[in-house]
Amino acid sequence: MADAPPAAGDAAAGLYRTIALIRGFEQRAVELVRSGVIRGGIHPCTGQEAVAAGTCAALRPGDVVTSTHRGHGHVLAKGADPARMMAELAGRTTGLNQGRGGSMHAADFAVGVLGANAIVGAAVPIAAGAAWAMRRSAAYGPGTYRPAAADGTDRVALTYFGDGAVSQGVVLEAFNLAALWRVPLVLVCENNGFATSMRPQDTMAGTVTARAAAFGIPAVTVDGMDAEAVRDATAEAAARARTGAGPSLVECVTYRFDAHHTWEHTARPRYRTDAEVEAGRARDPLEVQGARIARATRAAIDAETAGLLDAAVRYALDGPHPDPATALDGLYASGLRPRAGAL
Amino acid sequence: MPNLSYLKALNRAIGDEMERDPAVCVLGEDVGVAVGYATAGLLRRFGPDRVLDTPISEQAFTSFATGAAMAGMRPLVEFQIPALLFLVFEQIANQAHKFALMTGGQTRVPVTYLLPGSGSRDSWAGQHSDHPYSLFAHVGVKTVVPATATDAYGLLVTAIRDDDPVVVFAPAGALPLREDVDFGALAPVPLGSGRVHRAGTDVTVVAVGHLVRDALAVAEELAGTVSVEVFDPRTLYPFDWRGLAASLERTGRLVVVDDSNRTCGIGAEIVATAAEEMRLTAPPRRVTRPDGAVLPFARELDLACQPTRAQLRAAVEKVAGVG
Ligand SMILES: Cc1ncc(C[n+]2csc(CCOP(=O)(O)OP(=O)(O)O)c2C)c(N)n1
């Protein structure tokens, strides 16, 4: 969300504001799941907000991101309107995707969010392709996506993926392609300690950074609870990408505070103890960043954020439900209408 | 009049579109030296920025094309083997195809997937002989199977210009075909428009891809006994239902010859739709591969799994009530 580099104090407050926004958004979204307004549940990113806030603070408006099933933070940090995001989760026509995508497919091309993705790892090669295309002026063909603030051909793509995703073949294939063709891509692995119930040591031989190293991709591991550390590492990776030197990887070590998916709130599978979760919560990115700004500033941001999010919930609830007759409108960009299922 | 081969038609279509639109680019394995011929000369003409030899990473480069398309490019992806479509079904059916709807119309994914040499290549055995076009029609990905060199040119041009993903099958059985054409008359062929190759009044034979030639041969054999109309849908999805209905208005009898496996093949859909909505005066028939066919290696066995002219002739006679 950062345009020009702001003063240090503003930057710290800006990061806090984004973290607080995501935290409050997820709290309200979980409530709306409980009350049945949001159907299908969500994958909350609570505890991981510093990754979204820090990475997006290092990007420019013309840069693009792809996200995951746990993507609310990424979408908001890149600049999507929280009200339209909440309306999307509620399946309303006022949502970002007009109620066609929901939590796992939220997209906002106007701010460079090329979509969350429900298939683990699937967005990584998509981001690589977008990054490659953005380097080329020919990509600005007639009627094609063009960011509101196009800033030349040194735009980069950033792709988020979890620790579980680094065991997907297509992710490693994409590492190879991106490195081989030096595409301007930033690879952000959110290592939140779990792939659903499984820990990285249960599913991953070797390490995330060693996988990158195998392709000659520079990789660092940072404290994913510290938004400033995340921002600085991402800024370095993005700068490298902009100069044409190719992709870099940033592994952000974080912790998922809430459920893998909200079904856990009722099903309660046992794969970690309450004590472990308590220990994980000890380093809360909201507190880490909150401690860096003045108390009064923090209180003012909290109050503003609460007001904004309450308004977002009202906006979502006020949005119209879509007309069933329009269910497959837009299935084809060319306007082709599919045959109906019953005549 | 110049003579155009089917493969040269594909090659010409790609070259013409790359000339016309700088957003068109080509990705695939060995496309530089063009082992499949369809991309011959393109690297020299358009350079490595637009003609990319890829690592053997079908899943990644297929979705790479999706991302490039979302950022404004119009990629054509070539696959060396039709069975590779099984590898990238996720990337085409579950990613590229779904973005327009899932994003609420925020993006489009204009990617063309080209399969030069689909179906049996004559004893290439189990993993090189599939013809999975019905799968793509089933999931609603635009699916094209040109039967002639002129249509190969016209349909590939349209596929590249289309704003949605399109899979183009170029059957191995059609690749050797040549046609005398006036190059100036080569033109885009719209998706969803069939072509009547031979008019007739007794039986409509719907033939897909390389089987059009077999259908024409059978029609000729039967001339004098049964008047056969040969209808080539050219595009399997979207399908030219109106064109088929018009043909059945004339004939009232239907045989489909289709190189899919029998269960859930496109032939099943054609017969079902005709039965539900069109004029039929006799029960329709299909000539297809057997259920679940894995093409065996030995030539006799490979051929035993493909629709034959004899089978088609018998089906036409049965439906026409002769012989
Ligand atoms: C390819 C694929 N396999 C399985 C699933 C089901 N699934 C959804 S999330 C998930 C775990 C993903 O773990 P990770 O990538 O670490 O992300 P996290 O959930 O921790 O954010 C699984 C297995 C899926 N969506 N996609």
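Residues numbered from 1 in each chain as written. Chains lettered and ligands numbered in written order. Predicted model: local features only at pLDDT ≥ 70, side-chain atom pairs only at ≥ 80, totals over all residues. Heavy atoms only, no water.

Asker: An account of the overall build of chain A is needed here, citing residue identities and associated values.
Answerer: Across its full length, chain A holds 13 helices and 5 strands. For 343 residues, the compact-globule estimate of 2.2 N^0.38 gives 20 Å, and the C-alpha radius of gyration of chain A, at 20 Å, lies within 12% of that figure. Expressed as lengths along the three principal axes of its C-alpha atoms, the size of chain A is roughly 55 × 50 × 45 Å. The buried share of chain A, taken over its 343 residues, is 56%. Within chain A, contacts between residues at least 6 apart in sequence are counted, and of these 75% link residues at least 24 apart. As displayed, chain A offers around 13400 Å² of accessible surface, 55% of which is attributable to carbon and sulfur atoms. (Helix = DSSP H or I, 4+ residues; strand = E, 2+ residues; numbered from the N terminus. Rg over C-alpha atoms; globule rule 2.2 N^0.38 Å. Buried < 20%, exposed > 50% of the residue type's maximum accessible area, 1.4 Å probe, protein only. Contact = heavy atoms within 4.5 Å. Areas by Shrake-Rupley, 256 points an atom, 1.4 Å probe, with all protein chains shown as cover.)

Asker: Account for the interface of chain A and chain B, naming residues and giving values.
Answerer: Contact residues are listed per partner, giving 47 residues for chain A and 50 residues for chain B. Across the chain A/chain B interface, buried area totals approximately 3800 Å², and carbon plus sulfur atoms make up 63% of it. Considering only the side of chain A, the residues that lose the most area to chain B are Trp132, Trp181 and Arg339 of chain A, jointly responsible for 15% of the buried surface there. Summed over the shared surface of chain A and chain B, the number is 1 salt bridge. (Buried area = accessible area lost by both parts, 1.4 Å probe. Salt bridge = Lys/Arg side-chain N within 4 Å of Asp/Glu carboxyl O.)

Asker: So what about the site of the ligand? Which residues, and what values?
Answerer: All names here are of chain A. Taken together, 15 residues are adjacent to the ligand, and His69, Arg70, Ala118, Gly164 and Phe194 come closest. Val120 is positioned with one of its backbone polar atoms (N or O) 3.1 Å from a nitrogen atom of the ligand. Take Phe194: an N or O atom from its main chain is 2.7 Å from an oxygen atom of the ligand. Residue classes in the shell around the ligand are distributed as 6 nonpolar, 7 polar and 2 charged. (Near = heavy atom within 4 Å. Polar contact = N/O pair within 3.5 Å; in protein donor to acceptor, adjacent residues only side chain to side chain. Nonpolar A, V, L, I, M, F, W, Y, C, P; charged D, E, K, R; others polar.)

Asker: Account for the pairing of strand E4 (residues 74–78) of chain B, with residues named and values stated.
Answerer: All names here are of chain B. A large share of E4 lies buried, amounting to 5 of its 5 residues. Where strand E2 (residues 24–28) meets E4, 5 bridges bridge the pair, whose relative direction is parallel. When the bridges of E4 are listed, Leu27 appears paired with Val77. As defined by bridge partners, E4 adjoins strand E5 (residues 112–118) across 3 bridges and the pair is classed as parallel. (Pairing = 2+ DSSP bridges.)

Asker: Before we move on, could you go through the confidence of the model for chain A and cite the residues and values that matter?
Answerer: Across chain A, pLDDT averages 93, with 93% of residues at or above 70. Low confidence marks residues 138–152 of chain A, where pLDDT is under 50. Its contacts with residues over four positions away, or in another chain, come to 26 contacts. (pLDDT = per-residue confidence, 0-100.)

Asker: Any details on the pattern of salt bridges? Residues and values, ideally.
Answerer: Counted according to the given criterion, the structure contains 31 salt bridges over all chains. Close ionic contact of Arg298 of chain A with Glu287 of chain A constitutes a salt bridge, the shortest N to O distance being 3.1 Å. Placement of the pair is Arg298 of chain A in helix H13 (residues 295–318) and Glu287 of chain A in helix H12 (residues 285–290), with a sequence separation of 11 residues. Across the pair Arg337 of chain A and Asp329 of chain A runs a salt bridge, and its minimum N-O distance is 2.9 Å. Classification of Arg337 of chain A by relative accessible area gives exposed; the value is 55%. On the accessibility criterion, Asp329 of chain A (29% relative accessible area) is partly exposed. Residues joined by salt bridges that share partners form a network here, namely Asp21, Arg74, Arg108 and Asp163 of chain B.

Asker: Break down helix H4 (residues 82–89) of chain A for me, with residues and values.
Answerer: All names here are of chain A. With 7 of 8 residues buried, H4 is to be regarded as a mostly interior element. Taken together, the buried positions of H4 are occupied by Pro82, Ala83, Met85, Met86, Ala87, Glu88 and Leu89. Two or three places before Ala83, at the start of H4, stands the capping residue Asp81, its side-chain oxygen 2.9 Å from that residue's backbone nitrogen.

Asker: Describe in detail the packing of aromatic side chains, supporting the description with residues and values.
Answerer: If you walk through the whole model with that rule in mind, you get 14 aromatic pairs over all chains. On the numbers, 5.2 Å between centres and 75° between planes, the contact of Trp181 of chain A with Phe64 of chain B is edge-to-face. Of this pair, Trp181 of chain A sits in the loop between helix H6 (169–180) and strand E3 (185–191) while Phe64 of chain B is found in helix H3 (residues 58–70), placing the two residues in two different chains. Of the two residues, Trp181 of chain A and Phe64 of chain B, both sit in the buried class. Connected via pairs of aromatic rings, a cluster forms that spans Phe194, Tyr255, Phe257 and Tyr271 of chain A. Between the NZ or CZ atom of Arg12 of chain B and the centre of the ring of Phe183 of chain B, over which it lies, the distance is 3.9 Å. (Phe/Tyr/Trp six-rings, centres within 6.5 Å; stacked < 30°, edge-to-face > 60°. Lys NZ or Arg CZ within 6 Å of the ring centre and 35° of its normal.)

Asker: Quick rundown of the sheet that holds strand E4 (residues 219–223) of chain A? Include the residues and the values.
Answerer: Residue and element names in this part refer to chain A. The 5 strands are arranged E1-E2-E3-E5-E4 in an open sheet whose pairing can be described as parallel. The sheet is open, and its two edges are formed by strand E1 (64–66) and E4, each paired on a single side. Ignoring which end each strand starts from, the neighbouring axes of this sheet average 20° apart. Note: strand E2 (residues 157–162) against E3, 6 bridges, orientation parallel. Bridged to Tyr160 within E3 is Val188. (Axes fitted to C-alpha atoms, helices over the stretch in contact; angles between N-to-C directions.)

Asker: A description of the domain arrangement of chain B should follow, citing residues and the corresponding values.
Answerer: Residue and element names in this part refer to chain B. When its domains are assigned, chain B resolves into domain 1 (3–185) and domain 2 (195–320). Put simply, the middle of domain 1 and the middle of domain 2, counted by C-alpha atoms, are 26 Å apart. Counting residues at the interface gives 28 residues for domain 1, matched by 28 residues for domain 2. Each partner contributes to the roughly 2100 Å² buried at the junction of domain 1 and domain 2, and carbon and sulfur atoms together form 53% of this total. Here domain 1 and domain 2 share 17 residue pairs in polar contact (both at pLDDT 80 or more) between them. Those elements that provide at least two residues to the side of domain 1 that touches domain 2 are helix H7 (133–139), strand E6 (142–144) and helix H8 (149–161). (Domains from an automatic or database assignment.)

Asker: Now, about the sheet that holds strand E3 (residues 51–53) of chain B: what can you tell me, with residues and values included?
Answerer: Residue and element names in this part refer to chain B. Taken in spatial order, the 7 strands make up an open sheet running E3-E2-E4-E5-E7-E6-E12, and their pairing is mixed. Two strands lie at the open edges of the sheet, namely E3 and strand E12 (235–237), each paired on one side alone. Here the strands of the sheet are splayed against their neighbours by 20° on average, with no regard to which way each runs. Pairing between E6 and E12: 2 bridges, direction antiparallel. Within E12, the position partnered with Val144 by the bridge is Thr235. In the packing of H3 onto the sheet, the strands contacted are E2, E4 and E5, and the crossing angle to E4 comes to about 170°.

Asker: Quick rundown of the UniProt feature "domain: Transketolase-like pyrimidine-binding" (unreviewed entry) in chain B? Include the residues and the values.
Answerer: Listed under "domain: Transketolase-like pyrimidine-binding" (unreviewed entry) in the UniProt record, and renumbered for this structure, are residues 4–177 of chain B. Between the end C-alpha atoms of residues 4–177 of chain B the distance is 9 Å, and the span holds 39% helix and 18% strand. (UniProt positions renumbered as here; feature names shortened; annotations may be inferred.)

Asker: So, the packing of helix H1 (residues 6–20) of chain B against H8 of chain B: which residues are in play, and what are the values?
Answerer: Residues and elements named next belong to chain B. Running from N to C, H1 and H8 cross one another at 30°; their axes reach a closest spacing of 8 Å. Classed by the angle they form, the pair H1 and H8 counts as roughly parallel. Between H1 and H8 lies a crossing whose hand is right-handed. Of the residues in H8, those touching H1 at Tyr6, Ala9, Leu10, Arg12, Ala13, Ile14, Asp16, Glu17 and Arg20 are Ala149, Ala152, Tyr153, Leu156, Val157, Ile160 and Arg161. Split into classes, the residues belonging to the contact of H1 with H8 amount to 11 nonpolar, no polar and 5 charged. (Parallel < 35°, antiparallel > 145°, perpendicular 65-115°, else oblique. Left-handed = near helix turned anticlockwise from the far one by under 90°.)

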